[in-house]
Amino acid sequence: MTMRWTIRAKLTALVLAVLLPLMAAAGVKFWLEVEQGRESAQSDMVECASAVAQLFDEILTGQIENLEALAGARAPDRILSEDLVDAATRIKQHHGFVHRLVAVLPDGTITAASDPPSAVSPAPFAARDVLRAGLRDRRAQRWSAAAQLDGRPPDGPHRGADSRSQRGPLGAMAAEIDLTALSAYLDRVPLMHGTSATIVTGSGMLVARTGANSASLGRALQIPGTAEPLIRERAGVAEWRWDDGVNRLTAAAPMTRAPWVALGSMPRDLAYAPATAGLRRNVIGLGVVTLAALGPHGSSVAA
């Protein structure tokens, strides 16, 4: 009886000696698969953010071209509100988030707008910093972006007008954006299941977000300090609890036509669900195999 017990004990030890390295190797393999699943989820969020950034870059490019065409036709102090109303009507057929078009002088005076005639008044242009930057740099700027006039339009009937060196910029054409309508437009962009998209400025102000509350638009997005580099560097992946209490995996991608950042995000549990499910299956399978291998020997030893 003692001899049989010793043989079975040795046999069990031999089985364990074979199984333990296999279990260790399986554990490493499972860990690598989980990491690959996490990397895949993060890559999906980066692709989502990049797709949103590319889409809105294309939209802004089209709007800038519209403004450049208007700027090349007439100077801001000569363009008529009726011209802007017609242009805005055409633009809103495809991009309803364009609130209105305005012609602005360097001092901020609005000379024409696409509002109804009764609503038009020569009120100062609110985004003075944007206007100054646009006139100084001769390029599209945040919010109103656009087509400055300096007497030398790229094409059009005013090719022989005064140059910038003689008179300076004559003004700018601007498009004002309705943030609520922009978020509604973003809601219609097809995204991966469970994914949401957000657009913020470089300072973290919320421009648009899928399913956004209108009251939150135009205000600072609540971002923890650990995620601030995501906005500042306009790239990367981070996780944090959003203002709705959901912990989300979030990736950032830069926009080129505006100093904005596109964010793609998904609830963390949903993003990592495939990796978690795969790990659970592997662990259960390993447990079943281990019990099957040890079962006969363990019962014999117990006997």
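1. Quick look at the sheet that holds strand β7 (residues 236-241)
In step 1: Here we have 5 strands laid out as an open sheet, ordered β6-β5-β9-β8-β7, and antiparallel in their pairing. Each of the sheet's edge strands pairs with one partner strand only, and the pair in question is β6 (206-209) and β7. When strand polarity is set aside, the average angle formed by the axes of neighbouring strands in this sheet is 25°.
In step 2: Where strand β8 (residues 247-254) meets strand β9 (residues 260-267), 7 bridges bridge the pair, whose relative direction is antiparallel. Across the sheet, R248 pairs through a bridge with P267, a residue of β9.

2. Side note on the confidence of the model for the protein chain
In step 1: On average, residues of the protein chain score 75 in pLDDT, and 64% of them are at 70 or above.
In step 2: When mean pLDDT is compared element by element in the protein chain, β8 scores highest at 94, while strand β3 (residues 148-149) scores lowest at 33.
In step 3: A low-confidence stretch, residues 297-303 (pLDDT under 50), is modelled with 7 contacts involving residues beyond four sequence positions or located in other chains.

3. Focus on the environment of D269
In step 1: Along the polypeptide, D269 turns up in helix α7 (residues 268-271).
In step 2: What makes D269 exposed here is its relative accessible area of 64%.
In step 3: When the C-alpha positions of D269 and R248 are compared, they lie 8.1 Å apart, and in sequence the two are 21 residues distant.

4. Topic: the pattern of salt bridges
In step 1: For the structure on display, the rule yields 6 salt bridges.
In step 2: For the salt bridge of R268 with E239, the shortest nitrogen-to-oxygen distance reads 2.7 Å. One end of the pair, R268, is in helix α7; the other, E239, is in strand β7, with 29 residues separating them in the sequence.
In step 3: Relative accessible area serves as the criterion here: at 29%, E239 is assigned to the partly exposed category.
In step 4: The partner of D244 in a salt bridge is R248, with the nearest N and O atoms 2.9 Å apart.

5. Some details on the packing of aromatic side chains
In step 1: Inspection of every chain in the model, using the stated rule, returns 3 aromatic pairs.
In step 2: Ring centres of F56 and Y185 lie 6.1 Å apart, and the angle between their planes is 85°; on these two criteria the pair is classed as edge-to-face. Taken together, the positions of F56 in helix α1 (residues 2-73) and Y185 in helix α5 (residues 179-187) put the pair 129 residues apart, joining distant regions of the chain.
In step 3: What makes F56 buried here is its relative accessible area of 2%.
In step 4: For the pair F97 and Y185, a centre-to-centre distance of 5.3 Å together with 75° between the ring planes defines the contact as edge-to-face. Taken together, the residues F97 in the loop between α2 (81-92) and β1 (98-104) and Y185 in helix α5 connect sequence positions 88 residues apart.

6. Structural notes on the pairing of β9
In step 1: Among the 8 residues that make up β9, 7 are buried, leaving the element largely enclosed by the rest of the structure.
In step 2: By the bridge criterion, 6 bridges tie strand β5 (residues 196-201) to β9 in an arrangement that is antiparallel. Each bridged residue has a counterpart across the sheet, and for S196 the counterpart in β9 is S265.
In step 3: Between β8 and β9, which pair antiparallel and follow one another directly, the connecting turn spans 5 residues.

7. Here we look at the side chain of R248
In step 1: Within the fold, R248 resides in strand β8.
In step 2: The class for R248 is buried, based on a relative accessible area of 11%.
In step 3: Within the structure, R248 has its side chain in polar contact with the side chain of D244 (distance 2.9 Å).
In step 4: When neighbours within four sequence positions are excluded, R248 is seen to be in contact with S196, R209, A238, E239, W240, W242, S265, M266, P267 and R268.

8. Points about unusual backbone geometry
In step 1: With a phi close to 55°, R234 is a non-glycine residue in the positive phi region.
In step 2: Relative to the assigned elements, R234 resides in the loop between α6 (228-232) and β7.

9. Examining the pairing of β8
In step 1: Burial analysis of β8 places 6 of its 8 residues in the buried class, which makes it a mostly covered element.
In step 2: Two strands pair when backbone bridges link them, and β7 and β8 are joined in this way by 6 bridges, in the antiparallel orientation. Note that in β8 the partner of A238 across the bridge is T250.
In step 3: Counted between consecutive antiparallel strands, the loop separating β7 from β8 contains 5 residues, among which G245 sits at a positive phi close to 85°.

10. Brief notes about α2
In step 1: With 12 residues, α2 should reach 16 Å at 1.5 Å per residue; the first-to-last C-alpha distance of 16 Å fits that figure.
In step 2: For α2, the complete set of buried residues consists of S81, L84, A87, A88 and I91. For α2, the angular spread of buried residues about the axis comes to 120°, placing them on one side.

The rules behind these values
Residues numbered from 1 in each chain as written. Predicted model: local features only at pLDDT ≥ 70, side-chain atom pairs only at ≥ 80, totals over all residues. Heavy atoms only, no water. Pairing = 2+ DSSP bridges. Helix = DSSP H or I, 4+ residues; strand = E, 2+ residues; numbered from the N terminus. Axes fitted to C-alpha atoms, helices over the stretch in contact; angles between N-to-C directions. pLDDT = per-residue confidence, 0-100. Contact = heavy atoms within 4.5 Å. Buried < 20%, exposed > 50% of the residue type's maximum accessible area, 1.4 Å probe, protein only. Salt bridge = Lys/Arg side-chain N within 4 Å of Asp/Glu carboxyl O. Phe/Tyr/Trp six-rings, centres within 6.5 Å; stacked < 30°, edge-to-face > 60°. Polar contact = N/O pair within 3.5 Å; in protein donor to acceptor, adjacent residues only side chain to side chain. Expected span 1.5 Å × (residues − 1). Arc of directions from axis to C-beta.

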